[in-house]
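Next come the chains, spelled out residue by residue.
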Amino acid sequence: MNEEDIYDVTIIGGGPAGMYAAFYAGMREMKVKVIEGKDQLGGFLHTYSDKTIWDVGGVPPMTCSRLIEWLVQQANTFDPTVVLNCSIERFTPMDNRLFALHTSGGELHYSRTIIIAIGRGIAEIQRLDMEEAHEYERSNLHYTVQSTERFKGKHVLISGGGNSAVDWTIELAEQAKTVTVVHRQEEFRAMERNVKHMKNITDVRTPYQITQLYGNGERIHQVAITHVHTGENILLEVDEIVVSHGYTSHVSDIARCGLEMSEGMIVMSRFAETNIPGIFSAGDCATHESKVRLIAGAFNDAIVAVNSAKQYLNPQAPQMAYVSSHNDLFREKNRQITGWGTFGKQASSSL
Ligand SMILES: Cc1cc2nc3c(=O)[nH]c(=O)nc-3n(C[C@H](O)[C@H](O)[C@H](O)COP(=O)(O)OP(=O)(O)OC[C@H]3O[C@@H](n4cnc5c(N)ncnc54)[C@H](O)[C@@H]3O)c2cc1C
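Quick caveat, the model's predicted, so the values are computed rather than measured.

Hydrogen bonds along the backbone pair up the strands of a sheet, which may run parallel or antiparallel. Read from one edge to the other, the open sheet built from five strands follows the order 10-17-11-12-13, with strand pairing classed as parallel. In this open sheet, the two strands that pair with only one neighbour each are strand 10 (141–142) and strand 13 (203–205). Where strand 10 meets strand 17 (residues 240–243), two bridges bridge the pair, whose relative direction is parallel. Bridging across to strand 17, L141 finds its partner in I241. Strands strand 11 (155–159), strand 12 (178–182) and strand 17 of the sheet are contacted by helix 3 (residues 163–173), whose axis makes an angle of about 170 degrees with strand 11.

For residues besides glycine, phi is generally negative; the peptide bonds are generally trans as well. Of note, the amide linkage connecting T206 to P207 takes the cis form, showing an omega dihedral of -15 degrees. Even without a glycine there, the phi angle at A272 is positive, about 65 degrees. Structurally, A272 is set in the loop between strand 20 (265–267) and strand 21 (279–281).

Summed over all chains, the structure comprises 15 salt bridges. The salt bridge involving D328 is made with R331; its shortest N-O contact spans 2.5 Å. Residue classification places D328 among the exposed positions, given a relative accessible area of 53%.

Turning our attention to the site of the ligand. Around the ligand, a shell composed of 32 residues is seen, among which E36, F44, Y48, D55 and D284 lie nearest. Between an oxygen atom of the ligand and a main-chain N or O atom of P16, the distance comes to 3.2 Å. F44 has a polar backbone atom sitting 2.8 Å from an oxygen atom of the ligand. Protein chains bury 86% of the 1,000 Å² of accessible surface belonging to the ligand in isolation. For the shell around the ligand, the class distribution of residues is 16 nonpolar, ten polar and six charged.

What follows covers the packing of helix 1 (residues 16–27) against helix 5 (residues 295–313). As a packed pair, helix 1 and helix 5 sit with axes 8 Å apart at the nearest point and diverge in direction by 40 degrees. Comparing the axis directions of helix 1 and helix 5 gives the class oblique. Taken as a pair, helix 1 and helix 5 cross one another with a handedness that is right-handed. On helix 5, the residues that touch P16, A17, Y20, A21, Y24 and A25 of helix 1 are I295, A298, F299, A302, I303, V306 and N307. Each residue belonging to the contact of helix 1 with helix 5 can be placed in one class, and the counts come to twelve nonpolar, one polar and no charged.

So, on to the domain arrangement of the chain. Partitioning the chain into domains gives domain 1 (3–123 + 248–320) and domain 2 (127–245). Of note, the centres of domain 1 and domain 2, computed from C-alpha atoms alone, are 36 Å apart.

With that settled, the discussion passes to the sheet that holds strand 19 (residues 261–262). Spatially, 19-20-22 is the arrangement adopted by the three strands of the open sheet, whose pairing is mixed. With one partner strand each, in any of the chains shown, strand 19 and strand 22 (286–287) form the two edges of the open sheet. Both strand 20 and strand 22 contribute to a ladder of two bridges, which runs parallel. By the bridge assignment, I266 is partnered in strand 22 with A286.

A few words on helix 4 (residues 192–201). Turning to helix 4, its buried residues are N194, V195 and M198. The buried side chains of helix 4 occupy one side of the element, clustering within an arc of 100 degrees when seen end-on. For helix 4, the exposed residues set more than 90 degrees away from the buried face come down to E192, R193, K196 and N200.

Turning our eyes to something else, we now look at the side chain of T226. Tracing the sequence through the fold places T226 in strand 15 (residues 220–227). The class for T226 is buried, based on a relative accessible area of 13%. A distance of 2.6 Å separates polar atoms of two side chains, one belonging to T226 and the other to T211. Residues contacting T226, with those up to four places away along its chain left out, are P207, Y208, Q209, T211, G231, E232 and N233.

Definitions and cut-offs
- Residues numbered from 1 in each chain as written.
- Predicted model: local features only at pLDDT ≥ 70, side-chain atom pairs only at ≥ 80, totals over all residues.
- Heavy atoms only, no water.
- Pairing = 2+ DSSP bridges.
- Helix = DSSP H or I, 4+ residues; strand = E, 2+ residues; numbered from the N terminus.
- Contact = heavy atoms within 4.5 Å.
- Axes fitted to C-alpha atoms, helices over the stretch in contact; angles between N-to-C directions.
- Salt bridge = Lys/Arg side-chain N within 4 Å of Asp/Glu carboxyl O.
- Buried < 20%, exposed > 50% of the residue type's maximum accessible area, 1.4 Å probe, protein only.
- Near = heavy atom within 4 Å.
- Polar contact = N/O pair within 3.5 Å; in protein donor to acceptor, adjacent residues only side chain to side chain.
- Areas by Shrake-Rupley, 256 points an atom, 1.4 Å probe, with all protein chains shown as cover.
- Nonpolar A, V, L, I, M, F, W, Y, C, P; charged D, E, K, R; others polar.
- Parallel < 35°, antiparallel > 145°, perpendicular 65-115°, else oblique.
- Left-handed = near helix turned anticlockwise from the far one by under 90°.
- Domains from an automatic or database assignment.
- Arc of directions from axis to C-beta.

Here you go:
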């Protein structure tokens, strides 16, 4: 291991907590690495990327995908090392107050401190469990709705029973020619008012599930749905299919590396410390008495965790970073963007 392989802080997880920690650790002039299990930063926000988000301080209502773009941009301010598609399985303490982080692929990363920001684990979309489904993901089988435009005047089939499925049904019903909803349970797990509205404006089939896709290799034309109890089959003509079956989360063994846990979450002090010196935690994977399980809460945890990591490495370091508005670190960057005022103008004009 060379000196350049060693980081001051390695952040496991590139969700809101991890991204904000990367930015803030840059402000504290730490050598930062972010390790993310998926092929992109953003964390759980990707699972509702099409939704409009209102409750993040200081930003106007915007789609989550737009917020992700902004967060990624901010996280990269101080050029941290970002490793994607890399899942950390565990960490082990080494000599000289170093930690080794072990990836699922068998590689090692080295760090003086670690911030665990793994949120709800690595989320995977629940896909249709059918061999033929995969080949239609590029055409008319969708797991998310990027734009409602393509559903205009079409026969749409939606499978799912949660809030997301119900929300999309209502929204697409305004544009589509017909919308049929298939759910394998009688009851929907969504807001009652929305379920009632959905039932009024669409063709709801329960308890049915998709059992067969019929297509020509390029597009699906028909879908067989089967009654869960009677086995009765119905063939539906379709133009577009939306499957909204939720997500599964893979939680690694990190939590079993001697960390104190409570109800599946890492116990952290009000200084974001875990029970292992040098290991800190932030975001939804952590718990403490006043934990706020929101993006804003993740940001706050991230600041506290970075400040604690900095002081762990250098007990003489100030308790927090110097404010950004008067911080010399930004002098050159401010010049490049001709002042934060201009940044604000650019940002809002692109909304
Ligand atoms: C449906 C829904 C709607 C929501 N709406 C809002 C809202 O409107 N406003 C709001 O403020 N909050 C909202 N939230 C909450 C918000 O999404 C979370 O508080 C936030 O995502 C927590 O961020 P995080 O970084 O802690 O975790 P996550 O966003 O879960 O990110 C964790 C990251 O760690 C990665 N990871 C996990 N394990 C490993 C590993 N072993 N190795 C490497 N990487 C790993 C994951 O892939 C992921 O990218 C909502 C949540 C849900 C479920």
